[in-house]
Amino acid sequence: MTTSKNTTDEVIHPVKYVETLRGGTAHVILFSDGKKYVVKWFGVKKARGKEVVNEYVVSKLAQLLSLPIVPFKLVYIPEDFLKNTPQLHKKKQSYHSGIHYACVFIENSTVFENVRQSLPSKTEVKNRDMLAGVTVFDQWLNNSDRGTMNVILERLSDERYYVHMIDHGRCFPGGYQWTSKTLMNEPVYTYHWPFYKWVYSLLHDAQELTSYIDNIVDLPNESIYEVIQSIPNEWNVDTEDKEALYQFLLKQKKDLPNIINTIIEYQGQ
Ligand SMILES: Nc1ncnc2c1ncn2[C@@H]1O[C@H](COP(=O)(O)OP(=O)(O)OP(=O)(O)O)[C@@H](O)[C@H]1O
Ligand SMILES: [Mg+2]
């Protein structure tokens, strides 16, 4: 048995506000472990009631599948920290103390948008073999927000890039505001967006996509259930919503072969 401390369980505290990120509601904060985290706040905007729930659930599922999700934690932001941070005193946004979502701020990174004019080649991407997985995963969850600002590329010391997935606030039918009702809506897919087109150009063959389906299908339903059950109570997801999300994810597992076939046909066009 190892005696080393599992750092993912380490409780950390906010120490210093660093900066506000592009959308205006995600903020970089230095924490007590010496790392900077991007904090995404529960309840900051009324119209985004499920944003942070989605960030959390999707990150947990991505972690179970060993996809390149940025390391994340649930963090507690105390009232005192808010009081002493004027940057978080906003009229149009409400920052409350409590449990929020935080992922490590990746230094030396740039958004996919910034490499669109000269796309990295196969050999320039260290984790190229994960990209088919990211694509299939996004369809499973009906991520409708894998835009060019929601993928970041970290520059490694060997000059290659490591691709990280970020921003999973707009997943599942209904996105920021899904309910048990909206989850019944037919998903609208975005597999023709620029990031995915780049992924298709880097694949060895279409088999890379189809073979990833099994990774998701084989993810035990109990694990998916546990992820949903672990959503913090403070985030007000009621039993009906949780059950509906669970059923949605199981249904999407069954539909994945069809969805991926559609993508492969699209690629062949
Ligand atoms: N972990 C991270 N490391 C480095 N940069 C990040 C990280 N997370 C986010 N960013 C940067 O901050 C930007 C905004 O982050 P994110 O998309 O998560 O916030 P958002 O509030 O959803 O914004 P928007 O609504 O504009 O998408 C990203 O496009 C990226 O440039
Ligand atoms: Mg974003």
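Structural data are supplied above this passage.
Conventions we followed
Residues numbered from 1 in each chain as written. Chains lettered and ligands numbered in written order. Predicted model: local features only at pLDDT ≥ 70, side-chain atom pairs only at ≥ 80, totals over all residues. Heavy atoms only, no water. Helix = DSSP H or I, 4+ residues; strand = E, 2+ residues; numbered from the N terminus. Buried < 20%, exposed > 50% of the residue type's maximum accessible area, 1.4 Å probe, protein only. Donors = N, O, S within 2.8 Å, 3.2 Å for Na, K, Ca; no water. Phe/Tyr/Trp six-rings, centres within 6.5 Å; stacked < 30°, edge-to-face > 60°. Axes fitted to C-alpha atoms, helices over the stretch in contact; angles between N-to-C directions. Parallel < 35°, antiparallel > 145°, perpendicular 65-115°, else oblique. Left-handed = near helix turned anticlockwise from the far one by under 90°. Contact = heavy atoms within 4.5 Å. Nonpolar A, V, L, I, M, F, W, Y, C, P; charged D, E, K, R; others polar.

On to the environment of D129, then. By the element assignment, D129 lies in the loop between β6 (109-111) and α3 (131-140). Overall, the relative accessible area of 56% leaves D129 in the exposed class. Once the C-alpha coordinates of D129 and G49 are considered, the two residues, 80 residues apart in sequence, prove to be 34 Å apart.

Quick look at the coordination of the magnesium ion (ligand 2) now. In an ideal tetrahedron of four donors about a metal, each angle is 109.5 degrees. In an ideal octahedron of six donors, the angles are 90 or 180 degrees. Taken together, N150 (OD1) and D167 (OD) make up the full set of protein donors to the magnesium ion (ligand 2), lying 2.1 to 2.2 Å away. Taken together, the residues span a long stretch of sequence, with N150 in the loop between α3 and β7 (151-155) and D167 in the loop between β8 (161-165) and α4 (194-202) at a distance of 17 residues. Exposure class is identical for N150 and D167. Each is buried.

Under the counting rule described, the total for this entry stands at 15 aromatic pairs. Taken together, F112, F195, Y196 and W198 form an aromatic cluster joined through their ring pairs.

With their axes 8 Å apart at the nearest point, α3 and helix α7 (residues 239-268) run at an angle of 125° to one another. In terms of orientation, α3 and α7 fall into the oblique class. When the axes of α3 and α7 are compared, the crossing they make is right-handed. The segment α3 lies against α7, with V136, Q139 and W140 engaging F248, L249, Q252, K253, L256, I259, I260 and I263. Of the residues belonging to the contact of α3 with α7, the class tally is eight nonpolar, two polar and one charged.

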